[in-house]
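Here are the chains, one letter per residue:
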Amino acid sequence: MNHTTTSSNTSPVTIMGIVNLTDNSYFASSRCLTPSGEVDMRKALDRTRQMLEEGADIMDIGACSTRPGSQAVGAEEEWRRLGPFLQEVRKNFGEIRISVDTYWASVVEKTFDTVGPFLVNDISAGEDDPAMLPTVGRLGLDYVAMHKRGNPQTMQSLCQYEDVVEEVLEYFRKFGERAEQYGIRNWILDPGFGFAKTVEQNYRLLANLDRFVAMGRPVLVGVSRKSMIYRLLDITPEEALPQTQVLHFAALERGASILRVHDVAEAVRTVRIRQALS
């Protein structure tokens, strides 16, 4: 059931629920990998079921943590985790909307062969695998392009900007040209909160989110329980749920189309409150 209904003067908002087939994502409750490195299928399926019941519109499934400082696991290991789980998702939940968080073209190919059309959520906007954008264009898939610099090991040393808002805007202007070159028509813009940005730069981006919305693309906001909250307030990710909703509300006020979240029920309620005020 989709709880994110809209009023006549509000644009639809998509709630994207996060399922991490990892053991090192920054929010421990989202992790669905056992100590031995196997997917905890029951936990992952239960998490998916709960999020769908709470109103998630799309499930974002990732098999490699991309938090700052994390190590890549490689395309083969990503698929070893993803493949069986995607089959179980289709078996248990039918034709739900699926997003896969990957920067590997080979994982995109295998996911397409397994579940059909899906949303590619690529933190590298095609920079980490030269085959990614041609593959997405050829398969006709929807695509999330996120801004970052470097990789998880180096990104936090690459936060030097003259004007973070203008430079990230220019990045997406150029990405739009690349997307057109490869025939990618339906792409979503993600400013990349927490990726090669300081806490202060993250808040500048969020404060100016309407400038990204003005580019005419759906804008995805992924701030759920992130360090821009817990470092600012000197709390833990586990304590950051209320402030996450404050940032979700601020993003909605500035035109966000998609909220990528760990806590679906709370995000749905935030959307409903925002709509009631419109």
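It should be emphasised that the depicted structure is a prediction, and the values quoted were computed from it without experimental measurement.

Enquirer: Help me understand the side chain of His 248, please; the structure alone is not making it clear to me.
Expert: Within the element layout of this structure, His 248 appears in helix H9 (residues 241-253). His 248 sits in the buried class, given a relative accessible area of 0%.

Enquirer: Explain the packing of H9 against helix H10 (residues 264-276) here, please?
Expert: Pairs of packed helices are described in terms of their axes, by the angle between the two and the distance that separates them. It is at 10 Å that the axes of H9 and H10 come closest, and there the two elements cross at 40 degrees. Taken together, H9 and H10 sit at an angle that is classed as oblique. Where H9 crosses over H10, the two elements pack in a sense that is right-handed. The residues of H10 that touch H9, namely those facing Leu 241, Gln 245, His 248, Phe 249, Leu 252 and Glu 253, are Glu 266, Ala 267, Thr 270, Val 271, Ile 273 and Arg 274. For the contact of H9 with H10, the class distribution of residues is six nonpolar, three polar and three charged.

Enquirer: Mind showing me how you'd approach the packing of helix H5 (residues 164-181) against helix H6 (residues 199-207) here?
Expert: At a closest axis distance of 9 Å, the pairing of H5 and H6 adopts a crossing angle of 65 degrees. Between H5 and H6, the interaxial angle falls into the category roughly perpendicular. The handedness of the crossing between H5 and H6 is right-handed. Contact residues: Val 164, Val 165 and Val 168 in H5; Gln 201, Arg 204 and Leu 205 in H6. Each residue belonging to the contact of H5 with H6 can be placed in one class, and the counts come to four nonpolar, one polar and one charged.

Enquirer: Would you mind showing me how to read the pattern of salt bridges here?
Expert: Within the structure shown, the criterion is met by 16 salt bridges. Residue Glu 77 is joined to Arg 80 by a salt bridge in which the shortest nitrogen-to-oxygen separation is 2.8 Å. Remark: Arg 80 and Glu 77 occur in helix H2 (residues 75-93); sequence separation between them is three residues, near one turn of the helix. The class for Arg 80 is partly exposed, based on a relative accessible area of 37%. Between Asp 128 and Lys 148 there is a salt bridge; the shortest N-O distance is 3.4 Å. In this pair, Asp 128 sits in the loop between strand E4 (119-122) and helix H4 (132-139) while Lys 148 sits in the loop between strand E5 (142-146) and H5, placing the two residues 20 residues apart along the sequence. Its relative accessible area of 33% is what places Asp 128 among the partly exposed residues.

Enquirer: Which parts of the structure should I look at to understand the environment of Ser 99?
Expert: Inspection of the secondary structure puts Ser 99 in strand E3 (residues 98-101). Residue Ser 99 is classed as buried on the basis of its relative accessible area, which comes to 0%. For the pair Ser 99 and Ala 276, spaced 177 residues apart in the sequence, the C-alpha separation amounts to 29 Å. Only 2.5 Å separates the side chain of Ser 99 from the side chain of Asp 60, close enough to count as a polar contact.

About the thresholds
- Each chain has its residues counted from 1, running along the sequence as written.
- With the structure being a predicted model, the display of local features is reserved for residues of pLDDT at least 70 and the display and counting of side-chain atom pairs for 80 or more, all residues being used for whole-chain, interface and lining totals.
- In computing side-chain values, all of the structure's heavy atoms are included and hydrogens and water are not.
- A run of DSSP states H or I qualifies as a helix once it reaches four residues; a run of E qualifies as a strand once it reaches two. Both are numbered from the N-terminal end.
- Working definition: with a 1.4 Å probe on protein chains only, accessible area under 20% of the residue-type maximum means buried, over 50% means exposed, and in between means partly exposed.
- Only C-alpha atoms enter the line fits that serve as axes; for helices the fit covers just the stretch in contact. Angles between N-to-C directions range over 0 to 180 degrees.
- Our angle categories are set so that under 35 degrees counts as roughly parallel, over 145 as roughly antiparallel, 65 to 115 as roughly perpendicular, and the remainder as oblique.
- Each crossing is labelled by how the near helix is turned from the far one, with a counterclockwise turn of less than a right angle marking it left-handed and a clockwise turn marking it right-handed.
- Pairs of residues are marked as contacts when any of their non-hydrogen atoms sit within 4.5 Å.
- For this scheme, ten residues count as nonpolar: Ala, Val, Leu, Ile, Met, Phe, Trp, Tyr, Cys and Pro. Four count as charged, namely Asp, Glu, Lys and Arg, and the remainder, Gly too, count as polar.
- The rule for a salt bridge is simple: a side-chain nitrogen of Lys or Arg has to be within 4 Å of a carboxyl oxygen of Asp or Glu.
- For this analysis, a polar contact is any N or O atom pair within 3.5 Å, provided that within protein one partner can donate a hydrogen and the other can accept it, and provided that sequence-adjacent residues contribute only side-chain to side-chain pairs.

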